[in-house]
Amino acid sequence: MFEPSIIIASASLLGLAIVATAMLRGWHGWLELKRRELEQDAAPRQDGSPMGAARIEIADLKERIRKLEAIASGVDL
């Protein structure tokens, strides 16, 4: 009645559609997760002084720059 190649092709197409739909739902879920994380990060925190956090971050960046300059000049740390 039906040729085997038509059955295989239609089954493959159906499988591809199922996988694509599952991946699309996963993608939408991942985007929603990232959206929630961004909203949560945007909320103001009451952990402590923002000046203290900024100073720590600046000190960390200065340390990274110092290490990169040492690597560039060939000095082992």
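Remember, predicted model here, so these are calculated numbers, not experimental data.

**Focus on the packing of aromatic side chains**
Consideration 1: Inspection of every chain in the model, using the stated rule, returns 1 aromatic pair.
Consideration 2: Taken together, a centroid distance of 5.4 Å and an interplanar angle of 20 degrees make the contact between W27 and W30 stacked. Placement of both W27 and W30 in helix α1 (residues 4–42) is noted, with a separation of 3 residues, approximately one turn of the helix.
Consideration 3: Overall, the relative accessible area of 46% leaves W27 in the partly exposed class.
Consideration 4: By relative accessible area, W30 is classed as partly exposed at 41%.

Parameters at a glance
- Residues numbered from 1 in each chain as written.
- Predicted model: local features only at pLDDT ≥ 70, side-chain atom pairs only at ≥ 80, totals over all residues.
- Heavy atoms only, no water.
- Phe/Tyr/Trp six-rings, centres within 6.5 Å; stacked < 30°, edge-to-face > 60°.
- Helix = DSSP H or I, 4+ residues; strand = E, 2+ residues; numbered from the N terminus.
- Buried < 20%, exposed > 50% of the residue type's maximum accessible area, 1.4 Å probe, protein only.

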